[in-house]
Amino acid sequence: MTTTPTVRKLSYSRAINEALAEELARDERVFIMGQDVGAFGGAFGVTRGLHARFGGERVIDTPISEMFLVGGGVGAAITGLRPVVEMQYADFLWNAGDEIVGKMSKWRYMHGGLFTVPMVLRLPEGAAGGAGPEHSTCPEAALLAAAGSYIVIPSTPYDAKGLLKSAIRDDNPVAYFEHKGMYGLKGEVPEEEYTIPLGQADLKRVGDDVSIITWGRMVHRALEAAETAAADGISVEVLDLRCLRPLDVAAIVATVEKTGRVIISHEAGKTGGGGGEIAAIIAEECITSLEAPVRRICGIETPVPQSTHLEQYVVPTAEDLGAAITDIARY
Amino acid sequence: MLTDELKIEIYRMMYLAQTWEQRLLRLLDDGLVSGFYHAGRGHEALEVASMVALRDDDYLLYDHRGCAHMLAKRMSMVSLFGDFLGNDKGSTKGLGAGIVHIADPDHGVLGQSGTLGGGHVLAAGVGLSIKLRKTDQVVVNFFGDGAANRGTFHEGANVAGAWKLPVIYIVQNNGWAISTPQSQVTAIESFAERAAGYGMAGVSIDGMDPFLVYETMAEAVERARGGGGPTLLEGRVVRFRGHYEGDPGTYRSKEELAAGKDLDPVVRTRLRLLEDGLRTEEELDRLQHDVDAEIEAALEEALTGTVPGRERLSEGLYV
Ligand SMILES: Cc1ncc(C[n+]2csc(CCOP(=O)(O)OP(=O)(O)O)c2C)c(N)n1
Ligand SMILES: [Mg+2]
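What you see is a predicted model; the values in this text were computed from it and never measured.

Another point: the overall build of chain B. Looking only at helices and strands, one finds 11 helices and eight strands in chain B. Scaling as 2.2 N^0.38, a compact globule of 319 residues should have a C-alpha radius of gyration of about 20 Å, and chain B matches this with 19 Å. Seen along its three principal axes, the alpha-carbon backbone of chain B occupies a region of about 55 × 50 × 40 Å. Burial statistics for chain B: of 319 residues in total, 60% are counted as buried. Residue pairs at least 24 apart in sequence account for 74% of intrachain contacts in chain B once pairs closer than 6 positions are excluded. Only carbon and sulfur atoms are counted for the fraction: they give 51% of the accessible area of chain B, which is about 12700 Å². Measuring between centres, the 32 positive side-chain charges of chain B sit 4 Å from its 47 negative side-chain charges.

Next comes the structure, spelled out in structure tokens:
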């Protein structure tokens with residue numbers, strides 16, 4: 001009898017924590033700062049234990065000052081350090097709009113490439129049970145116009161760890177969006193060290209009839225819908241983009257050319273949520289491969305309501321995706 | 001200590017900054033550089049003497065008001081001319097192109113946020129970096145009375161004070177933010193009053209007196225290097241020219257401007273050196289003549305640069 005080695009399971013939150021711990025240990029230039037990230041361990045417990053292990057000079061509690069968090073991160077990054085900044089909620093990126101778009105993303109470019117800005121901005125995002133309109137959004141697409149910064153949105157514990165380690169080691173600034181609703185999600189994370197290159201999409205499920213192009217927490221709903229569709233004889237491919245920049249255009253084109261039927265799905269509202277950009281790329285690169293009009297299954301275009309009861313109607317479900325799959329397969 | 005040699009050096013650098021700018025303005029008249037220039041005439045004492053109190057490895061986040069601080073931080077004049085000409089002789093090889101984006105990591109010149117007040121929080125981050133790296137560098141952040149009112153100042157100054165960071169905030173108070181007088185938008189007369197609210201030292205001085213600037217700055221630098229924390233240094237200065245070249249300046253009375261020009265730091269410092277017997281007329285004339293020649297030689301070299309082509313458009317966007 002042979003035994004297959006069991007791969008360790010870790011939550012999304014622990015996977016991020018482990019990436020942070022490993023990078024803090026590996027490179028003394030790396031430090032963490034944010035609100036309540038120290039002994040308290042962060043609003044969502046993601047940095048728990050790091051303060052005790054690395055001390056208050058590596059894991060720094062800051063005042064409620066988002067412009068300082070990002071702008072100060074840039075100042076530290078251009079003078080030899082590698083800050084990992086935690087925003088308590090991704091929604092607060094607007095509080096530091098100029099620091100993210102004008103400073104973090106442009107400092108290197110506008111100063112003729114004389115500096116590097118090796119910083120990571122961790123942004124806990126998404127609807128996760130009644131946090132309300134100002135603490136529940138998925139604003140990753142807001143940074144699409146901020147050329148100079150990368151945009152990473154991991155969907156599994158494995159990706160969360162591997163992508164964060166790459167982000168910390170990258171010399172470009174990275175906005176790293178982690179969905180609050182996935183912190184408890186468990187998945188396989190090997191003991192051995194690994195990294196995942198930025199800008200490579202992951203084909204989460206192979207299929208022939210319909211493609212779902214998605215990222216973040218919607219990856220799981222897409223996989224659930226694909227499973228259901230398989231029972232009805234529709235073979236669905238699920239492509240997790242993992243990064244909006246660098247964007248894996250080749251992977252998008254490949255899946256479109258393969259199935260000809262495309263659903264784009266994200267949690268943010270349909271308008272301005274990023275899916276339109278993907279659809280435009282498809283139109284530019286491979287429109288003649290389409291057998292059906294592109295469908296977008298995305299968030300409803302209202303603010304995320306405060307009521308938990310109403311919140312559930314804002315984010316698309318596996319059923320919404322299922323209906324779209326049936327529809328587009330028949331087209 | 002403000003030695004006689006330092007006094008001469010401060011004067012030389014102020015004269016250089018003034019003359020360098022005069023030369024730049026002629027290039028502007030000739031249509032060789034863009035009109036987006038905010039002349040620093042009148043601000044020389046504050047910008048130069050404060051920088052002379054620094055080391056090469058100290059950091060500078062300059063502001064848009066002239067170039068005297070960068071020149072006094074020992075940036076090469078060729079690079080600076082090249083930056084304004086937008087060519088590859090510039091510090092950013094023609095990519096930053098003049099005010100606002102000039103940088104020189106070797107001399108600690110970290111660049112500028114074109115959105116005013118962006119430097120307030122960057123400076124605090126640089127201060128934190130110095131503290132974490134355990135060096136005894138300091139960082140200086142320049143800004144005007146207008147930019148002093150950005151919310152970023154509150155966030156940057158608060159952490160600088162709380163963590164005793166080696167940051168020196170220098171507000172160049174010329175009383176005007178383009179056409180808006182300070183009194184119309186600010187309740188207090190001196191920005192130094194704000195320092196107490198952040199637990200930092202606050203000083204307000206005559207920014208037209210270079211020797212006073214040097215001594216005040218030397219104290220602030222010593223405090224910062226020794227772990228004593230940040231300083232908010234206000235220098236009261238006069239902007240001799242328009243906000244930008246071509247500013248009609250209709251908002252400021254002729255009398256106010258004339259009274260300000262009587263305080264010319266370059267002219268008065270020359271007189272002081274003569275009165276104190278530190279140099280003779282001939283010696284100062286020779287010093288100025290040498291500076292003039294240096295500037296012309298730098299310009300000549302800068303003019304040989306090449307403007308970047310389209311193929312360099314995305315250079316430096318990503319590593
Ligand atoms: C955030 C921001 N708002 C407005 C401007 C446009 N602007 C450039 S200079 C200036 C006036 C600045 O006044 P002050 O800070 O007193 O400096 P001074 O020009 O007097 O040296 C303004 C409004 C800008 N660059 N950034
Ligand atoms: Mg002013």
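There's more to say after this.
Moving on: the site of ligand 1. All names here are of chain B. Ligand 1 sits among 14 residues. The nearest are H64, R65, G146, A147 and W176. L116 places a polar main-chain atom, nitrogen or oxygen, 3.0 Å from a nitrogen atom of ligand 1. In this structure, A147 approaches ligand 1 through a main-chain N or O atom, which is 2.9 Å from an oxygen atom. Against a free-state accessible area of 590 Å², the protein chains account for coverage of 74% of ligand 1. Per-class residue counts for the shell around ligand 1 are five nonpolar, seven polar and two charged.

All names here are of chain B. Taken together, D145 (OD), N174 (OD1) and W176 (O) make up the full set of protein donors to the magnesium ion (ligand 2), lying 2.1 to 2.2 Å away. Written as a sequence motif, the donor arrangement for the magnesium ion (ligand 2) is D-x28-N-x1-W. With D145 in the loop between β3 (139-144) and α6 (151-162) and N174 in the loop between β4 (167-173) and β5 (176-177), the pair connects residues that are 29 residues apart, well separated along the chain. A single burial state applies to D145 and to N174, both of which are buried.

Let's shift gears to the environment of A160 of chain B. All names here are of chain B. Residue position: A160 is located in helix α6. Looking at A160, the relative accessible area reads 0%, which means it is buried. Placed 32 residues apart in sequence, A160 and L128 show a C-alpha to C-alpha distance of 8.0 Å. Ignoring any residue separated from it by four or fewer positions in sequence, one finds A160 in contact with L165, V167, Y169 and P230.

Another point: the interface of chain B and chain A. Between chain B and chain A, the residue contacts involve 40 residues of the former and 40 residues of the latter. Taking both partners together, chain B and chain A bury about 3200 Å²; carbon and sulfur atoms supply 68% of that area. Area buried by chain B at its contact with chain A is led by L122, Y318 and V319 of chain B, which between them contribute 20% of it. The interface formed by chain B and chain A includes one salt bridge. We note a salt bridge from E57 of chain A to K134 of chain B, for which the minimum N-O separation is 2.6 Å. Inspection of the chain B/chain A interface yields 17 residue pairs in polar contact (both at pLDDT 80 or more). Among the elements of the structure, β1 (59-61), β2 (109-111), α5 (118-133) and α6 of chain B are those that each provide at least two residues to the side of chain B that touches chain A. Sorting elements by how many residues they give to the side of chain B that touches chain A places α5 of chain B first, with nine residues. Residues of the side of chain B that touches chain A, tallied by class, amount to 20 nonpolar, 15 polar and five charged.

Okay, the nonpolar core next. Judged by nonpolar contacts, the single largest core of 79 residues is most densely connected at W107, F177, L241 and I282 of chain A together with L128 and Y169 of chain B. The element contributing the most residues to this core is α5 of chain B, with eight residues. Each of domain 1 (7-190) and domain 2 (202-330) of chain A gives at least three residues to this core. Apart from residues no more than four positions distant in its own chain, W107 of chain A is found in contact with V74, I78, G102, F115 and V117 of chain A together with L61, L110, G111, Q112, S113 and L122 of chain B. Counting residues in each nonpolar core, the second largest holds 70 residues, with L25, V48, Y62 and F84 of chain B among its members.

On inspection of all chains with the given rule, the structure shows four cavities of 30 Å³ or more. Per-element tally for the lining of the largest cavity: the top contributor is helix α1 (residues 4-29) of chain B, with four residues. Grouping the amino acids of the lining of the largest cavity by side-chain chemistry returns five nonpolar, four polar and five charged. Volume-wise, the second largest cavity comes out at about 40 Å³. M104, S105, R108, T116, V117, G148, D171, N172 and P173 of chain A together with L317 and V319 of chain B together form the lining of the second largest cavity.

What counts, and where the lines are drawn
- Here the residue numbers are simple positions, counted from 1 along each chain's written sequence.
- Following the order in which they are written, the chains are lettered starting with A and the ligands numbered starting with 1.
- Two thresholds apply to this predicted model, a pLDDT of at least 70 for residue-level local features and 80 or more for giving and counting side-chain atom pairs, whereas whole-chain, interface and lining totals are computed over all residues.
- Think of the side-chain values as coming from all heavy atoms in the structure, minus any hydrogens and water.
- Helical segments are the DSSP runs of H or I of at least four residues, strand segments are the runs of E of at least two, and each set is numbered from the N terminus.
- Using C-alpha atoms as the atom set, the radius of gyration is obtained and then compared with a globule rule of 2.2 Å times the number of residues to the power 0.38.
- Note on exposure labels: buried denotes an accessible area under 20% of the residue type's maximum, exposed denotes more than 50%, and partly exposed covers the range between, all computed with a 1.4 Å probe on protein chains only.
- The contact rule is simple, with two residues in contact once any of their heavy atoms fall within 4.5 Å.
- Using a 1.4 Å probe, the Shrake-Rupley method yields the accessible areas, and only the shown protein chains count as cover for residues.
- Lys and Arg are tallied as positive, Asp and Glu as negative. Neither His nor the chain termini are counted.
- The atom standing in for a charge is NZ when the residue is Lys, CZ when it is Arg, CG when it is Asp and CD when it is Glu.
- Residues are labelled near a given molecule or strand when at least one of their non-hydrogen atoms is within 4 Å of it.
- For the purposes of these results, a polar contact is taken to be a pair of N or O atoms within 3.5 Å, where, inside protein, one atom must be able to donate a hydrogen and its partner to accept one; residues adjacent in sequence count only when each atom of the pair is a side-chain atom.
- The nonpolar class holds Ala, Val, Leu, Ile, Met, Phe, Trp, Tyr, Cys and Pro. Asp, Glu, Lys and Arg form the charged class, and all remaining residues, Gly among them, are polar.
- Listed donors are limited to N, O and S atoms within 2.8 Å of the metal, widened to 3.2 Å for Na, K and Ca; water is not among them, so incomplete-looking sites are possible.
- We define buried area as the total accessible area lost by two parts upon association, computed with a 1.4 Å probe and summed across both.
- For this analysis, a salt bridge means a side-chain nitrogen from Lys or Arg found within 4 Å of a carboxyl oxygen belonging to Asp or Glu.
- Side-chain atoms within 4.5 Å are what join buried Ala, Val, Leu, Ile, Met, Phe, Trp, Tyr and Cys residues into a set we call a nonpolar core.
- Source of the domain bounds: an automatic or database domain assignment.
- Lining residues are defined by having an atom within 4 Å of a point belonging to a cavity or pocket. Those points lie on a 1 Å grid over the protein atoms alone, cavities being sets where a 1.4 Å probe fits but cannot get out and pockets being open sets with protein on both sides within 12 Å along at least five of seven lines.
- Grid points are joined across faces, edges and corners, and a volume is the space filled by probe spheres set on the points.

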